[in-house]
Amino acid sequence: MKLNLCIDIDGTITDAYYWLEMANEHFGIDIKPFQVTKYEIHEVLEIPKEDYLKFYEVYGEEIHTKADLRDNAKEILWALDQQHKITYVTAREARMKEVTEAWFRKHNLPKGEFHFLGTHYKVDKAKELKCHVFIEDRYENAIQLALAGFEVLLIDCYYNRNPLIPGVTRVFNWGDIHSRIEEYNRSIETIVQKAVDSCQIIEEYKAGHNDGSMKIA
């Protein structure tokens, strides 16, 4: 089957901590990746949110331009693109559209569609896109999406190691993501095939009992 895959960008396709070097230099601190145990960056840096927003306003495009890819993300994205529909759903603001698309071209990633939401709330967009599987790094997003009935693959980061609920599966790399999607696809195909077989059996039964003596509901 051709699945509709919704994929986050930051921390999912990109390395989760690529912003650290510039933030450390700008704020004169030395935070290590293992210390990033919260999603909100200003909380990690222990600075006022306003200070971080000012920093991002000035350096956001440069930060995204310098982002590193997660290991094997490129190869797996291309493999998935051959079989399924990929749509990128990001909390980045629309003003980051040009730099984001340039970064995708630079790394030769599948184009897909881009949706710049400017918010972390992604449930409505997932519904609109008829998403089958959502790949995400933010814990709160994963929970919201799962509660709305979506299958979520939560890629492991220091900041999302909280208890999971049904519908959310923790994955540790892009190879793991690929395996889980293929597994999910096989299960869907099995369900569809069983439904087809069931309908065929009913039709054959009707054909063999067409004297009107019995009705199939």
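Residues numbered from 1 in each chain as written. Predicted model: local features only at pLDDT ≥ 70, side-chain atom pairs only at ≥ 80, totals over all residues. Heavy atoms only, no water.

What follows deals with the pattern of salt bridges. Enumeration according to the criterion identifies 14 salt bridges in this entry. One salt bridge connects Arg170 with Asp156, and the closest N-O pair in it is separated by 2.9 Å. Placement of the pair is Arg170 in strand β6 (residues 168–171) and Asp156 in the loop between β5 (151–155) and β6, with a sequence separation of 14 residues. Among the residues examined, Asp156 registers a relative accessible area of 14% and is labelled buried. Members of the salt-bridge network, linked through shared partners, are Asp8, Lys122 and Glu136. (Salt bridge = Lys/Arg side-chain N within 4 Å of Asp/Glu carboxyl O. Helix = DSSP H or I, 4+ residues; strand = E, 2+ residues; numbered from the N terminus. Buried < 20%, exposed > 50% of the residue type's maximum accessible area, 1.4 Å probe, protein only.)

The next point concerns the nonpolar core. Ile7, Ile13, Trp19 and Trp174 are the most contacted members of the largest nonpolar core, which has 48 residues in total. At five residues, the largest contribution of residues to this core is made by helix α8 (residues 174–208). With residues up to four places along the chain from it excluded, the contact list for Trp19 reads Val36, Ile41, Val44, Leu45 and Ile63. Residues Cys6, Cys131, Phe150 and Leu154 belong to the second largest nonpolar core, which totals 16 residues. (Core = buried A, V, L, I, M, F, W, Y, C linked by side-chain atoms within 4.5 Å. Contact = heavy atoms within 4.5 Å.)

The next thing to look at is the packing of aromatic side chains. A complete count under the given rule lists twelve aromatic pairs for this structure. Measuring from ring centre to ring centre gives 5.7 Å for Tyr17 and Tyr158, while their planes differ by 40°; the resulting arrangement is tilted. Pair noted here: Tyr17 is in the loop between β1 (4–7) and α1 (20–27) and Tyr158 is in the loop between β5 and β6, with a separation of 141 residues, a long-range link. Between Tyr39 and Tyr159, the ring centres sit 5.6 Å apart and the planes meet at 75°, which makes this aromatic pair edge-to-face. One end of the pair, Tyr39, is in the loop between α1 and α2 (41–45); the other, Tyr159, is in the loop between β5 and β6, and 120 residues separate them in sequence. Its relative accessible area of 25% is what places Tyr39 among the partly exposed residues. The class for Tyr159 is buried, based on a relative accessible area of 9%. Arg138 extends its terminal NZ or CZ atom over the ring of Tyr39, reaching a point 5.1 Å from the ring centre. (Phe/Tyr/Trp six-rings, centres within 6.5 Å; stacked < 30°, edge-to-face > 60°. Lys NZ or Arg CZ within 6 Å of the ring centre and 35° of its normal.)

The subject of this paragraph is the packing of α1 against helix α3 (residues 49–65). Contact geometry for α1 and α3: axes closest at 11 Å, N-to-C directions at 130°. As judged from the angle between their axes, α1 and α3 are oblique. For α1 against α3, the interelement crossing comes out right-handed. Between α1, through Met22, Ala23, His26 and Phe27, and α3, the contact on the second element is made entirely by Asp51, Tyr52, Phe55, Tyr59, Glu62 and Ile63. Taken together, the residues that form the contact of α1 with α3 break down as seven nonpolar, one polar and two charged. (Axes fitted to C-alpha atoms, helices over the stretch in contact; angles between N-to-C directions. Parallel < 35°, antiparallel > 145°, perpendicular 65-115°, else oblique. Left-handed = near helix turned anticlockwise from the far one by under 90°. Nonpolar A, V, L, I, M, F, W, Y, C, P; charged D, E, K, R; others polar.)

Looking at the secondary structure, you find Asp124 in helix α6 (residues 123–128). Between the C-alpha atoms of Asp124 and Leu145, which are 21 residues apart in sequence, the distance is 9.3 Å.

Below, the discussion takes up the side chain of Asn4. Take Asn4: it is sitting in strand β1. A polar contact of 3.0 Å, which involves the side chain of Asn4, links it to the backbone oxygen of Lys130. The contact partners of Asn4, leaving out residues within four places of it in the chain, are Lys85, Leu129, Lys130, Cys131, His132 and Val133. (Polar contact = N/O pair within 3.5 Å; in protein donor to acceptor, adjacent residues only side chain to side chain.)

No statement about biological role is implied by the geometric values presented.
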